[in-house]
Amino acid sequence: MPNRETHTDVPANRLQVTYKDRQKTIDLAQSRFNESALYQALYPLMHHSDHWLLFAQGHGERSIYTPGPKSYTYLFALLKENGSFISSVSLKDAGFIPDNTQILVLSPNPSPFLPSEVSLIQQYLNKGGNLLWLMDSKSNKDSLSPLFSQLGISTSGRFVAPNHPGLHDPNVGLVTHYPDHPVTASLENVSIFPHAID
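Residues numbered from 1 in each chain as written. Predicted model: local features only at pLDDT ≥ 70, side-chain atom pairs only at ≥ 80, totals over all residues. Heavy atoms only, no water.

Colleague: In this structure, what is going on with the pattern of salt bridges? I would like to understand it.
Modeller: Close approach of charged atoms lets side chains of opposite charge pair. Taken as a whole and judged by the stated rule, the model has 1 salt bridge. When the shortest N-O distance is used, the salt bridge between Lys-127 and Asp-99 registers 3.7 Å. Of this pair, Lys-127 sits in the loop between helix 4 (115-126) and strand 6 (130-133) while Asp-99 sits in the loop between helix 3 (91-94) and strand 5 (101-106), and the two are 28 residues apart along the sequence. Asp-99 carries the same exposure label as Lys-127, and that label is exposed. (Salt bridge = Lys/Arg side-chain N within 4 Å of Asp/Glu carboxyl O. Helix = DSSP H or I, 4+ residues; strand = E, 2+ residues; numbered from the N terminus. Buried < 20%, exposed > 50% of the residue type's maximum accessible area, 1.4 Å probe, protein only.)

See below:
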């Protein structure tokens, strides 16, 4: 009969999942254990990489660490739970964007980016980097105008007017259907975009 290894250092209310040299512990007291919870534990172990989702900081952006009504801490927690590696960076202090950055996130920036920071972002994009660019009416878009040119996009900075007769808030855009495209194929619900700009 084979010997069964016992782990006495794992509390009774936790499940430790091990794959190769990586481990993930699920707190059974904190979460309902079901197929989804097991998948969320196994996926990052089996598809391990050192690629990071990197949030640019230093221009008044919302925090991914400090809780608050306008922070990204909930998004941070969800992404981390699904196995993403997430961090923030001040481009002016670091002076570079790490090679293992899978996605660079630019969130609404009330203060301007320095030309040297914009140049770093352009170099990152020229090397095939991925960018998630979030902006709102308070974003300092002028400092990022070279990116608009490079990517071939433009914005008027005006709010998107509601396009639904039942919605009377001028600051909320509503989308009830999407064009036929693989990215939007599974979207069936109404999408609400508060303070959306075009």
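That covers the picture; the talk isn't over yet.
Colleague: Whenever I open this one, the sheet that holds strand 3 (residues 52-56) confuses me. Can you help?
Modeller: Picture the strands of a sheet paired through backbone hydrogen bonds; they go either parallel or antiparallel. Spatial strand order, 4-3-5-6: 4 strands in an open sheet with parallel pairing. In this open sheet, the two edge strands, each paired with only one partner strand, are strand 4 (85-89) and strand 6. On average, each strand axis in the sheet is inclined to that of its neighbour by 25°, with strand direction left out of account. Pairing between strand 3 and strand 4: 5 bridges, direction parallel. (Pairing = 2+ DSSP bridges. Axes fitted to C-alpha atoms, helices over the stretch in contact; angles between N-to-C directions.)

Colleague: Any chance you could explain the side chain of Asp-136 here in plain terms?
Modeller: Position of Asp-136 relative to the elements: it lies in the loop between strand 6 and helix 5 (145-151). Notably, Asp-136 is buried but unbridged: the nearest opposite-charge side chain belongs to Arg-62, and the N-O separation is 4.0 Å. Look past the residues within four positions of Asp-136 in its chain and what remains in contact with it is Arg-62, Pro-108, Lys-141 and Ile-197. (Lys, Arg positive; Asp, Glu negative; His and termini not counted. Contact = heavy atoms within 4.5 Å.)

Colleague: Sorry if this is basic, but what is going on with the nonpolar core here?
Modeller: One recurring pattern in soluble globular proteins: nonpolar side chains tend to sit buried together. If you look at the biggest cluster of nonpolar residues, it comprises 17 residues, and the most contacted ones within it are Leu-91, Ile-97, Leu-104, Leu-106, Phe-113, Ile-121 and Leu-147. When residues of this core are traced back to their parent elements, those giving at least two are strand 3, strand 5, helix 4 and helix 5. Here the element with the most residues in this core is helix 4; it accounts for 5 residues. Apart from the residues within four sequence positions on either side, Leu-91 is in contact with Gln-57, Phe-96, Ile-97, Phe-113, Glu-117, Leu-120 and Ile-121. Of all hydrophobic cores here, the second largest spans 7 residues; its members include Leu-53, Ile-64, Tyr-72 and Val-105. (Core = buried A, V, L, I, M, F, W, Y, C linked by side-chain atoms within 4.5 Å.)

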